Amino acid sequence: MIAFLIQTLRIATPYLFAAAGGIVSERAGIIALTLEGFMLTGAFCAALGSYYSGSPWLGIVAGAAGGLLAALLHALATIRYRADQVVIGIAMNLLAVGVTRFFLRLAFDSSSNSPRIPGFGGAQVQSGVFSSLANPLVWLGVLNMVAVGWLLYRTPFGLRVRAAGEKPEAALSVGVPVRRVRWLAVAVSGACAAMAGSYLALDQHQFTDGMTAGRGFIALAAVIFGKWDPKRVTIACLLFAAAETMQIRLQSLQLVPSQFVEMIPYVLTIIALAGVVGRAAQPAALGKAVD
Amino acid sequence: MTPPTDRPASDGVARVRAHIEESILPPLVALVIAAVVGDVLIIIFGQSPGDVYRQLLEGTWGNAYGFGQVIYKATTLTFTGLAVALGIRAGLFNIGAESQLASGGFLAALVGLAMPRGTPAVVAVVACLLAAAAGGGAVGAIPGALKARFGASEVIVTIMLNFVVLALLNYIVAAHIHVSETLHTPEMNAGALPRLTSVFPKFAGSAANTTFLLAIAAAAGVWWFLFKTRPGYELRAVGLQPDAAEYGGVRVGTVWAKTMILSGMLAGLGGLNYVLGYKHYYEEGFAGGSGFLGIAVALVGRNHPVGVVIAALLFATLSQGGLAVNALVPKQMVDVLTAVVIIAVATAVPEVRRALAAARSSSGIGNRESGIAESARTQEPPNSRFPIPDSRP
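Predicted model, so just to flag it, every value in this text is computed and none were measured.

### Description of the overall build of chain A
Thinking step 1. Helices and strands together make up the secondary structure of chain A, namely 11 helices and zero strands.
Thinking step 2. Beginning at the N terminus, the succession of helices and strands in chain A can be written as α-α-α-α-α-α-α-α-α-α-α.
Thinking step 3. The globule rule puts the C-alpha radius of gyration for 291 residues at 19 Å, and the 19 Å found for chain A is close to it.
Thinking step 4. Projected onto its principal axes, the C-alpha positions of chain A cover 55 × 45 × 30 Å.
Thinking step 5. Taking all 291 residues of chain A together, the buried fraction comes to 58%.
Thinking step 6. Sequence separation of at least 24 residues holds for 77% of the intrachain contacts in chain A that already meet a minimum separation of 6.

Below, the structure is given as structure tokens:
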């Protein structure tokens, strides 16, 4: 049972990081379709940083910097140039896939994975579930979500973020620099999602092509299913992770095909959007550009 | 502003010129940006951009095989591009073309498999065609219905549905009907379409097939539907001004639902290219990102059927060209370029337009009325939400 909980927490860590970023971005009015791309960029940069510096901590820094860079490009296109957020979001994900593959060839002369890099904890699952508790990023993931909740509801910046996402015109009229707030929010989301990617790379002790494997979209699903509220989103992340853990543990029994377990987060989110279990109402100005 | 009553003929010419400028210039700016990024990447990799671009062109339009591959890839992209473009015309963002394409191909393969050997080609092909349209349309119907009924964001629903549908198809193929040791279904008994090789032997080896005629027909059909029929007019009206359309008696929700079904059907038909024209079976992952590329195709093609066909050829060339230059630079460079083209088009189009409009109003070219309106607006008090009424004598 404890092993189950620990494994769930471990699987939930990247979701928690990325979803925290997703909450900040979407509450500020910028659609978080790019979490997947930010994660992949973060994972690659973390691998690069850790490989060349020999320290996983510097890997985290490099990963966050990479995610930040990608986020700034996203903000430049969607906020400064008011380009369509969905189009840019899709393109950013494509860009992340292309850039990481290109530089994987350039840096490590491989089209599939990096060499082994310094990371945290045991590389293999077999090395015991408790070893993952020694991974500081697991705890940082939880702390990060708490911090985002505090930031959103207890600080002036959080108030401005929420205003920018709900009523940007009203916020502008009382002097809130809406576009600057949105820039900051996107930057935070990039750094958070990149931490999720860094966790993956450092936990598996290497970068593999496309290693995020849709986790950014699961995080987005958690944000929507959790109605953009840090507490509920945390529960959604843990729920999705628990389903995955269950599937891994019961794999040998062949009770439910793994493909059906994969569907759970997405199906729940579609149902939530349709309003069957309480309508999920997005921030009013989500996706709308501000002059 | 009152519309100009006595517009001189030269104004009409200027208008056409402005229209051409607006539709040609922004994509050109975007392509230049992409080329610059491409150059940088090539130089980082220690190659000469000239060599790489020459190789890219020679490997695609320079020989029959490469050209055939471009035609083949452009065929699928035309279908997914049309699907996305049709949605955008109605103000909907269909990001589900990927799974609609897959399920269209899947159903077509199933129908081809179910028919007895020796079924007349006409019957078999039409049956597969209907199956592909039904497969894509069914997947498109879900976000359409949820949008019309509950106002659920079609962007999120189509993204989530991609994962659900692809997982479901993978399950069905893996658990029930795959050829052992592979991830594809058995070959169809009937319904295969001839390859171009059988008519032009030069195309030998390339996957180009007669589905490309179907793609051109689909583009023509979408053009006719959008610009020559009443439902097409309503669809565009909904896309431009949903509230006004509703006020004008159009049922917006119904139009949305129908558009998503049509859009899904178009994407589903794209599956024929692989299934009927190339492999004659459904294989896991055959869509391979063509659905997402459809977004780029629609965007660069300005959501016009003719533009979509041209843009499909452009992205097909890039995609095939990536393979052609792989010996010099990683083929992944093409993924980067594709993304850069999308970002550049999405940001450059509104920017260049604004710049063009500003240049036109300051130099007095084009519609003189709008030039005056522009200058009137600059004089209005900062708080006024309405332009100053026209007070000329």
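### Topic: the overall build of chain B
Thinking step 1. For chain B, the count of helices and strands is 15 helices and zero strands.
Thinking step 2. Considering only contacts within chain B whose residues lie at least 6 apart along the sequence, 77% involve residues at least 24 apart.

### Observations concerning the environment of A219(A)
All names here are of chain A.
Thinking step 1. Inspection of the secondary structure puts A219 in helix α9 (residues 215-225).
Thinking step 2. Separated by 53 residues in sequence, A219 and E166 place their C-alpha atoms 22 Å apart.
Thinking step 3. Setting aside residues up to four positions removed in sequence, A219 forms contacts with Y15, A18, A19, G22 and L35.

### Here's the deal with the interface of chain A and chain B
Thinking step 1. Chain A puts 35 residues into the contact, and the matching count from chain B is 38 residues.
Thinking step 2. Per element, the largest residue contribution to the side of chain A that touches chain B is 14 residues, and it comes from helix α4 (residues 85-108) of chain A.
Thinking step 3. Tallied by class, residues from the side of chain A that touches chain B come to 25 nonpolar, five polar and five charged.

### Overview of unusual backbone geometry
Residues and elements named next belong to chain B.
Thinking step 1. One non-glycine residue with positive phi stands out, namely H280, at about 65°.
Thinking step 2. You can see H280 is positioned in the loop between α11 (271-279) and α12 (290-300).
Thinking step 3. The exposure class of H280 is buried, given the 21 C-beta atoms found within 10 Å.

### Quick notes on the packing of helix α4 (residues 97-114) of chain B against helix α10 (residues 252-269) of chain B
Residues and elements named next belong to chain B.
Thinking step 1. Orientation of α4 relative to α10, taken along the N-to-C sense of each, is 60°, at an axis distance of 7 Å. Taken as axis vectors, α4 and α10 run oblique relative to one another. Between α4 and α10 lies a crossing whose hand is right-handed. The residues of α10 that touch α4, namely those facing A97, Q100, L101, S103 and G104, are G264, A267, G268 and L269.
Thinking step 2. Residues that form the contact of α4 with α10 fall into these classes: four nonpolar, five polar and no charged.

### Some remarks on the nonpolar core
All names here are of chain A.
Thinking step 1. Ranked by internal contacts, the top residues of the largest apolar core, which has 228 residues, are Y15, A19 and A222.
Thinking step 2. The element that contributes the greatest number of residues to this core is helix α8 (residues 178-204), accounting for 17 residues.
Thinking step 3. Once residues within four sequence positions are removed from consideration, Y15 is found in contact with R215, I218, A219, A222, C237, F240 and A241.

### Brief notes about the environment of E244(A)
All names here are of chain A.
Thinking step 1. Mapping E244 onto the fold places it in helix α10 (residues 230-249).
Thinking step 2. For E244, a count of 21 C-beta atoms within 10 Å corresponds to the buried category.
Thinking step 3. Distance in space between the C-alpha atoms of E244 and S258 is 8.9 Å, their sequence separation being 14 residues.
Thinking step 4. Once residues within four sequence positions are removed from consideration, E244 is found in contact with I11 and V261.

Procedures and definitions
Residues numbered from 1 in each chain as written. Chains lettered and ligands numbered in written order. Predicted model: local features only at pLDDT ≥ 70, side-chain atom pairs only at ≥ 80, totals over all residues. Helix = DSSP H or I, 4+ residues; strand = E, 2+ residues; numbered from the N terminus. Rg over C-alpha atoms; globule rule 2.2 N^0.38 Å. Buried ≥ 20, exposed ≤ 12 C-beta atoms within 10 Å, placed from the backbone. Contact = placed C-beta atoms within 7 Å. Nonpolar A, V, L, I, M, F, W, Y, C, P; charged D, E, K, R; others polar. Axes fitted to C-alpha atoms, helices over the stretch in contact; angles between N-to-C directions. Parallel < 35°, antiparallel > 145°, perpendicular 65-115°, else oblique. Left-handed = near helix turned anticlockwise from the far one by under 90°. Core = buried A, V, L, I, M, F, W, Y, C linked by C-beta atoms within 7 Å.

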